[in-house]
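Survey of secondary and tertiary structure
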Amino acid sequence: MAELVLPAECFGCGTAGALACGGCREVLEETEVRRVRPEPAPPGLPGVSAAVAYEGVVRKLLLAHKERGALGLAGPLGGALAAAVRHGAGGDTGVGVGPVVLVPVPSAARAVRARGHDPVVRLARVAAGRLRAGGRAAHVVPALALGREVRDQAGLGARERRANLAGAVRVRAGGVRLLREAPPRTTVVLVDDVMTTGATIAEAARALHAADVEGVQRGDRSLRPPGAGERITRAVRAAVVAVSPRAFEINRKRAGI
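Notes on the structure in this doc start here. Everything numeric in this text was worked out from a predicted model, so none of it was measured. (Residues numbered from 1 in each chain as written. Predicted model: local features only at pLDDT ≥ 70, side-chain atom pairs only at ≥ 80, totals over all residues. Heavy atoms only, no water.)

Considering helix α9 (residues 199-210)
Across its twelve residues, α9 extends 16 Å between first and last C-alpha, which sits within 8% of the 16 Å expected from 1.5 Å per residue. Those residues of α9 that sit buried are Ala199, Ile201, Ala202, Glu203, Ala204, Ala205, Ala207 and Leu208. (Helix = DSSP H or I, 4+ residues; strand = E, 2+ residues; numbered from the N terminus. Expected span 1.5 Å × (residues − 1). Buried < 20%, exposed > 50% of the residue type's maximum accessible area, 1.4 Å probe, protein only.)

Some remarks on the environment of Gly47
Locating Gly47 in the fold gives a position in the loop between β1 (34-36) and β2 (48-53). In this structure, the C-alpha to C-alpha distance between Gly47 and Ala239, residues 192 residues apart in sequence, is 8.3 Å. Contacts of Gly47, omitting those with residues within four sequence positions, involve Arg35, Arg237 and Ala238. (Contact = heavy atoms within 4.5 Å.)

A word on the packing of helix α4 (residues 74-88) against helix α6 (residues 119-133)
Running from N to C, α4 and α6 cross one another at 65 degrees; their axes reach a closest spacing of 7 Å. The crossing of α4 and α6 is right-handed. Taking contact as the criterion, the partners of Ala74, Gly75, Pro76, Leu77, Gly78, Gly79, Leu81, Ala82, Val85 and Arg86 in α4 are, on α6, Arg122, Leu123, Ala124, Val126, Ala127, Arg130 and Leu131. Among the residues forming the contact of α4 with α6, the class breakdown is eleven nonpolar, three polar and three charged. (Axes fitted to C-alpha atoms, helices over the stretch in contact; angles between N-to-C directions. Left-handed = near helix turned anticlockwise from the far one by under 90°. Nonpolar A, V, L, I, M, F, W, Y, C, P; charged D, E, K, R; others polar.)

A word on the pairing of strand β3 (residues 100-104)
With five of five residues buried, β3 lies mostly within the body of the structure. Because side chains alternate across β3, one face comprises the buried residues Val100, Leu102 and Pro104, and the other comprises Val101 and Val103, equally buried. Here β3 runs beside strand β7 (residues 187-195); their pairing, made up of five bridges, is parallel. The partner of Leu102 across the bridge, within β7, is Val189. (Pairing = 2+ DSSP bridges.)

Observations concerning the nonpolar core
Leu62, Leu73, Leu77, Leu81, Val85, Leu102 and Val241 are the most contacted members of the largest nonpolar core, which totals 39 residues. Counting residues per element, the ones that place at least two in this core are α2 (22-29), β2, α3 (56-67), α4, β3, α6, β7 and β10 (234-243). The element contributing the most residues to this core is α4, with eight residues. In contact with Val85, other than residues within four places in its own chain, are Val100, Leu102, Leu131, Val189, Val191 and Ala239. One finds Val120, Leu144, Ala182 and Val188 within the second-largest nonpolar core, a separate group that totals 32 residues. (Core = buried A, V, L, I, M, F, W, Y, C linked by side-chain atoms within 4.5 Å.)

Structure (structure tokens):
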């Protein structure tokens, strides 16, 4: 309500007039989306596409949306996530332009209560809407949940994060059904706002595989419904708004950009 009656200030640079000024929006819109991978990468991490580096204006906007309840930022941030999803699902190359299912990585229930919203689910819904507006069949399936309590990841190293999350993510019963009912050649894209070590996305991918979701492919392996004559392939990818600057620059050099 305060945003409606008080002069807005850009969360990225402090300029008066909007929650995200034109210059800060351009940072999110004029992205160099690319495949990224942290070093060291956790076992089982699928291919991840990121829109921007997690620094400066981007970091401020993401934190304002997540921790300060600046829900009006979901539009530009969700647009950047849509670009990453499109890249990860093959839309930028003309290959693999079939339906997309966005699966948000799960947040701890206490964190959702404290924030008053689930930022990743909100961004996923905006991204799916942008993809549909561009002619791509896309919808969100909140298929994952935490099966046990986990520590706050802040301050934990890569190894500690993997240990903290090991076996913590599960696939909801309803999520299994919805994923199984997705059309053949659907790309399942795990989505998050930020990736640091990749531990959360790797654990989410493990949960999908462990649930024996029929037809979901992980790497070069695929599952096949018992007795089915047709091979159903649903590739699993991941997309995030931002990744650590180091991972972003490493992959920039590898891509020759």
